[in-house]
Amino acid sequence: MVWLLMEDYWTRTVVSVKAQVSPEVYNLWIRSLRPGKNLADGRMEVLCHNDFAADYVDKHYRTLLESAMAVEKGTHQPLFFRADPGVKSGIVGRHSNESEVSEEPPPSLPEAEVIQSPAVSGLMERYTFDLFVVGACNQFAHAAASRVADGPPVVYNPLYMHGGTGLGKTHLLHAIGHKVLKDNPKAKVRYISSEKFMTLFIDHTRMGRVNDFKSQFRSVDLLLVDDIHFFAGKKGTQEEFFHTFNALYGDGKQIILTSDSLPQDMPLDERLRSRFAQGLVVDIHPPDLETRVAILKKKALAEDIDLEDDVAFFLADAIQTNVRELEGALIRVFALASIEKAPITMALVKESLRNILKNPERRVIPIDEIQRTVATFYKIAPMDLRSNKRSREFSYPRQIAMYLCKKLTNHSYPEIGEQFGGRDHTTVLYAVGRVNERQSEDSILAKQLQSLTEMLSH
Ligand code: ADP
Ligand code: MG
């Protein structure tokens, strides 16, 4: 076994996070972070170049960094960010467009270092059609996305792509944006996550600048809105989005949406739901083995790294859930090869995946994956778990899903409640207690919990 120092864990964590954020975010916020001391309260210090960076990274990237580090170390350790004069800023020259950054230019940076944003499109560079692998799982979504990217006449509006986490929805969304901009650099393309849409809307409302908000969205030619399941239960934002949607739709502008559920399964205002369903609805499934191998090969090629067939098949077989995890595993392999300055052999791959392969219970399981698995198991929609529906058909699986979140993840009660339609932490506490009690009396439930745990920990 290779003994890894904190420095090495940190390097691996940073490499893994690099795969999950845009190059701009990586260069600006992540690359310059340095590991500090382990504190008496169990947290690990992370040193940043100034106070603003410490606050910003804490607010936006703490969870991402903590879960990436948990994967590397096999245990969860909270991080504490603080400024240290010895740390250099990660900024080098100009940075291109990334919505999250360009919308919030860091006020404390010297002028020359402020990010330029030529077109505030928010597109991520590497999410192009060229780098997207087509398989049976995503053929239909890819064909529809390509058609829409070819531009007018508008045939499907909106295009609505839905599927599980890490299956390429965001990638396709960005790919459409890139293609449209390539064909017509003057086109006004805007990518935005639903969460960002909501916070922007709230901020503008607070500042009494709702009209600015309206005009920035209503003047675009192509609007790409990611993860609209986030709008569930958020009435004011839904209302605003409905107006934005209608304005663009009425002007014949293309709208593309992604979600984890079908329109009919989303607890949304009926008007919005019927708007979503009136276009083309396409789904994306998890990739089969051949597609997973093709994805690994393409990623390796893009990094200019040799990946033998046996290694690619081994990895593709070991990680079947989603492409993001597959990519994460490949990045870990690359990282270990570079730390050890060794070629990528089967032995090295097995070593780098030790945590995932031998200690399945240590895999970081996202809450939405637990929700999807439990929902499928009990034949309801993931949305139902986050909804207010109170009948037993929904409340029972909801309690089970909450229980599994507590058991299989490091999330706190309030964090779990938040992911279940913004419920209070006492509801989660109650659910965990109930399921614990019941399983000792109910052998069918105990079996179901065991199967669910196995499905989630493979
Ligand atoms: P989602 O939005 O569905 O959760 P993403 O689009 O963020 O998933 O995809 C997760 C990661 O997997 C991204 O880095 C993306 O580039 C990659 N990915 C997903 N599907 C494919 C594919 N078919 N070909 C290449 N890369 C893919
Ligand atoms: Mg996404």
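Here, the structure is the one placed above.
Residues numbered from 1 in each chain as written. Chains lettered and ligands numbered in written order. Predicted model: local features only at pLDDT ≥ 70, side-chain atom pairs only at ≥ 80, totals over all residues. Heavy atoms only, no water.

1. Structural notes on the overall build of the protein
For step 1, the next point in the chain: Along the backbone of the protein there are 21 helices and 8 strands.
For step 2, the next point in the chain: Taking as baseline every contact in the protein between residues at least 6 positions apart, the subset at least 24 positions apart corresponds to 71%.
For step 3, the next point in the chain: With the model as given, the accessible surface of the protein reaches about 21500 Å², and the carbon-plus-sulfur share is 52%. (Helix = DSSP H or I, 4+ residues; strand = E, 2+ residues; numbered from the N terminus. Contact = heavy atoms within 4.5 Å. Areas by Shrake-Rupley, 256 points an atom, 1.4 Å probe, with all protein chains shown as cover.)

2. Focus on the packing of aromatic side chains
For step 1, the next point in the chain: Scanning the model with the defined rule gives 16 aromatic pairs in all.
For step 2, the next point in the chain: Arranged with centres 5.8 Å apart and planes meeting at 65 degrees, the rings of Phe 197 and Phe 231 form a pair that is edge-to-face. With Phe 197 in helix 7 (residues 194-206) and Phe 231 in the loop between strand 6 (222-226) and helix 9 (235-250), the pair connects residues that are 34 residues apart, well separated along the chain. Judged on exposure class, the residue Phe 197 and its partner Phe 231 are both buried.
For step 3, the next point in the chain: Taken together, the ring pairs in this structure connect Tyr 160, Phe 197, Phe 201, Phe 213, Phe 217, Phe 231, Phe 241, Phe 245, Tyr 249 and Phe 276 into an aromatic cluster.
For step 4, the next point in the chain: Looking at Arg 271, its charged tip hangs above the ring of Phe 242, at a distance of 4.0 Å from the centre.
For step 5, the next point in the chain: The side chain of Arg 392 reaches across the aromatic face of Tyr 396, ending 4.4 Å from its centre. (Phe/Tyr/Trp six-rings, centres within 6.5 Å; stacked < 30°, edge-to-face > 60°. Buried < 20%, exposed > 50% of the residue type's maximum accessible area, 1.4 Å probe, protein only. Lys NZ or Arg CZ within 6 Å of the ring centre and 35° of its normal.)

3. Examining the pairing of strand 7 (residues 254-259)
For step 1, the next point in the chain: Counting buried positions along strand 7 gives 6 out of 6 residues, so the element sits mostly inside the fold.
For step 2, the next point in the chain: Across the two faces of strand 7 the burial is the same, with Gln 254, Ile 256 and Thr 258 and Ile 255, Leu 257 and Ser 259 all buried.
For step 3, the next point in the chain: Here strand 4 (residues 159-163) pairs with strand 7 via 4 bridges, running parallel. Bridging from a neighbouring strand, Leu 159 pairs with Ile 256 of strand 7.
For step 4, the next point in the chain: Pairing of strand 6 with strand 7, which is carried by 4 bridges, proceeds in the parallel orientation. The residue of strand 7 that forms the bridge with Leu 223 is Ile 255.
For step 5, the next point in the chain: Assessed by its sense of winding, the connection that carries the chain from strand 6 through helix 9 to strand 7 is right-handed. (Pairing = 2+ DSSP bridges. Right-handed = clockwise from strand over helix to strand, strands pointing away.)

4. Here's the deal with unusual backbone geometry
For step 1, the next point in the chain: Cis geometry is adopted by the peptide bond preceding Pro 153, which originates at Pro 152 and carries an omega value of 0 degrees.
For step 2, the next point in the chain: With respect to the secondary-structure elements, Pro 153 resides in the loop between helix 5 (139-149) and strand 4.
For step 3, the next point in the chain: Omega for the bond connecting Asn 157 with Pro 158 falls within 30 degrees of zero, at -5 degrees, which places this linkage in the cis form.
For step 4, the next point in the chain: Inspection of the secondary structure assignment puts Pro 158 in the loop between helix 5 and strand 4.
For step 5, the next point in the chain: A positive phi is found at Lys 379, a non-glycine position, where the angle reads about 55 degrees.
For step 6, the next point in the chain: Counting through the fold element by element, Lys 379 comes out in the loop between helix 16 (367-377) and helix 17 (382-386).
For step 7, the next point in the chain: Looking at Lys 379, the relative accessible area reads 74%, which means it is exposed.

Don't take any of this as a statement about function, it's just geometry.
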